[in-house]
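As a plain string of letters, each chain reads:
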Amino acid sequence: VQLQACGGGLVQAGGSLRLSCTASRDILRINSMGWYRQAPGKQRELVATITSGFSTNYADSVKGRFTISRDNAKNTVYLQMNSLKPEDTAVYYCKADFRFDSNIYWGQGTLVTVSS
């Protein structure tokens, strides 16, 4: 399974970006998909996840600013990021796990840089 993440870039504080993660497998078969991020010198952390039943979960630091969604027809999960802050600067990774598959899949990462 391949996860292709894109949408990162450079944005000023207060701006918006939308990340996309497209899977090479039907995402109707997921247990969950989500976004994680890793800032320089820090551990990778959860940003947001969405389950097969469309339940969502967010890190406290992004609640109210970020929204995760999915388009099953496109096998794609999105992360809409609004009101970006410099502390949101990180490499963002897409992650997926599927039913009847014990593997965890990661995308290649996309860099988000928020300038102050």
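Residues numbered from 1 in each chain as written. Predicted model: local features only at pLDDT ≥ 70, side-chain atom pairs only at ≥ 80, totals over all residues. Heavy atoms only, no water.

Undergrad: Please clarify how the state of the cysteines should be interpreted in this entry.
TA: Note on terminology: disulfide describes a covalent bond linking the sulfur atoms of two cysteines. Taken as a whole and judged by the stated rule, the model has one disulfide. In this model, C21 is linked to C94 through a disulfide, with the two sulfur atoms separated by 2.0 Å. Here the disulfide of C21 and C94 is left-handed, its torsion about the S-S bond being about -80°. Linking C21 in strand β3 (residues 17-23) with C94 in strand β9 (residues 90-98), this pair joins segments that are 73 residues apart in sequence. Both residues of the pair, C21 and C94, belong to the buried class. Of the cysteine sulfurs around C6, a residue in no disulfide, the closest is that of C21, at 8.8 Å. Judged by relative accessible area, which is 41%, C6 ranks as partly exposed. (Disulfide = S-S within 2.5 Å. Helix = DSSP H or I, 4+ residues; strand = E, 2+ residues; numbered from the N terminus. Buried < 20%, exposed > 50% of the residue type's maximum accessible area, 1.4 Å probe, protein only.)

Undergrad: Before we go on, may I ask you to explain the nonpolar core in this structure?
TA: Note on soluble globular proteins: their nonpolar side chains tend to be buried together. Core analysis: the biggest nonpolar cluster contains 31 residues, and M33, W35, L79, M81 and Y92 have the highest contact counts within it. Where this core is concerned, the elements lending two or more residues are β1 (3-6), β3, β4 (30-38), β5 (45-51), β7 (66-71), β8 (76-81), β9 and β11 (110-115). Among the elements that line this core, the one with the most residues is β9, at five residues. (Core = buried A, V, L, I, M, F, W, Y, C linked by side-chain atoms within 4.5 Å.)

Undergrad: Any chance you could explain the environment of K63 here in plain terms?
TA: Relative to the helices and strands, K63 resides in the loop between β6 (56-58) and β7. Between the C-alpha atoms of K63 and V47, which are 16 residues apart in sequence, the distance is 9.2 Å.

That's the geometry; what it means functionally is another story.
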